[in-house]
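Structural overview
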Amino acid sequence: MRSYPRNSPEAVARIVALLLISDGHVSRSELDALHGLDMEQELSLPQGGFGKVLHGLCEDLWMGMHEQRVLTASIDGPTLTLLFAEVTDPELRRKTLEFAYTAAMADSHLAPSEWWLMNAAGQYWQMGFMPSGIGHYELAQAA
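Model, not experiment: these values are computed from the prediction. (Residues numbered from 1 in each chain as written. Predicted model: local features only at pLDDT ≥ 70, side-chain atom pairs only at ≥ 80, totals over all residues. Heavy atoms only, no water.)

1. Some points on the environment of Pro-90
In this structure, Pro-90 sits in helix α6 (residues 90-105). Look at Pro-90 and you get exposed, because its relative accessible area is 58%. Put simply, Pro-90 and Met-127 are 37 residues apart on the chain and 9.1 Å apart in space, counted from C-alpha to C-alpha. (Helix = DSSP H or I, 4+ residues; strand = E, 2+ residues; numbered from the N terminus. Buried < 20%, exposed > 50% of the residue type's maximum accessible area, 1.4 Å probe, protein only.)

2. Digging into the environment of Gln-41
Note on placement: Gln-41 falls in helix α3 (residues 39-43). For the pair Gln-41 and Pro-9, spaced 32 residues apart in sequence, the C-alpha to C-alpha distance is 9.9 Å.

3. What to know about helix α1 (residues 9-22)
Helix length check: α1, at 14 residues, gives a terminal C-alpha distance of 20 Å against a target of 20 Å (1.5 Å per residue), a fit within 8%. By the criterion of burial, α1 is predominantly enclosed, with 12 of the 14 residues buried. Every buried residue belonging to α1 is among Ala-11, Val-12, Ala-13, Arg-14, Ile-15, Val-16, Ala-17, Leu-18, Leu-19, Leu-20, Ile-21 and Ser-22, and all of these are buried. Packing partners of the buried residues in α1 comprise α2 (28-36), α3, α4 (49-63), α5 (77-85), α6 and α7 (112-124). (Expected span 1.5 Å × (residues − 1). Contact = heavy atoms within 4.5 Å.)

4. Looking at the nonpolar core
Ranked by internal contacts, the top residues of the largest apolar core, which has 38 residues, are Leu-18, Leu-34, Phe-50, Phe-84 and Met-118. Listed by contribution, the elements that provide at least two residues to this core are α1, α3, α4, α5, α6 and α7. At 10 residues, α1 tops the list of elements feeding residues into this core. (Core = buried A, V, L, I, M, F, W, Y, C linked by side-chain atoms within 4.5 Å.)

5. Observations concerning the packing of aromatic side chains
Considering all chains together, one arrives at two aromatic pairs under this definition. On the numbers, 5.8 Å between centres and 35° between planes, the contact of Phe-84 with Tyr-124 is tilted. Separated by 40 residues along the polypeptide, Phe-84 in helix α5 and Tyr-124 in helix α7 bring together distant segments of the chain. In this structure Tyr-124 comes out as partly exposed when scored by relative accessible area, which is 35%. Taken together, the ring pairs in this structure connect Phe-84, Tyr-124 and Trp-125 into an aromatic cluster. (Phe/Tyr/Trp six-rings, centres within 6.5 Å; stacked < 30°, edge-to-face > 60°.)

6. Examining the packing of α1 against α4
At their nearest, the axes of α1 and α4 sit 9 Å apart, and the two run at 65° to each other. For α1 against α4, the interelement crossing comes out right-handed. Mapping the contact onto sequence places Glu-10, Ala-13, Arg-14, Val-16, Ala-17, Leu-18, Leu-20 and Ile-21 in α1 and Phe-50, Val-53, Leu-54, Leu-57, Cys-58, Asp-60 and Leu-61 in α4. By residue class, the composition of the contact of α1 with α4 is 12 nonpolar, no polar and three charged. (Axes fitted to C-alpha atoms, helices over the stretch in contact; angles between N-to-C directions. Left-handed = near helix turned anticlockwise from the far one by under 90°. Nonpolar A, V, L, I, M, F, W, Y, C, P; charged D, E, K, R; others polar.)

7. Concerning the packing of α5 against α7
It is at 10 Å that the axes of α5 and α7 come closest, and there the two elements cross at 65°. Considering the relative orientation of α5 and α7, their crossing is right-handed. Seen from α5, the contacting residues are Leu-80, Thr-81, Phe-84 and Ala-85; seen from α7, they are Trp-116, Leu-117, Ala-120, Ala-121 and Tyr-124. Tallied by class, the residues present in the contact of α5 with α7 amount to eight nonpolar, one polar and no charged.

What follows is the structure, encoded as structure tokens:
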């Protein structure tokens, strides 16, 4: 898995990209939601930069698949810890979770894998992240 400089736009974008692919489907509504937040501009990524990060993540995961049939199966605890450790700035962590939540809820459904990833990031970063608009019902459905 490639590494990015600490607190770089690419490190943040990769965590959001991981959330997008975590449920096995990247929907147009998720990408549109991120575009609506001007994520690339907010992170100072060049236009099309998020797509490059998403593509790079998929390449890295594809190389690590071995005989598994699920692209994200190569994301284990230590790998996830390395990805989370690349974002140390509290404001970037908050933005990462906001982008991830917006993308996850763009299709009006919080998949269990999306909830798990946001929860893991919140725990690793020791953030009690509960986005406004998410209720206990959605969390129960996702868990």
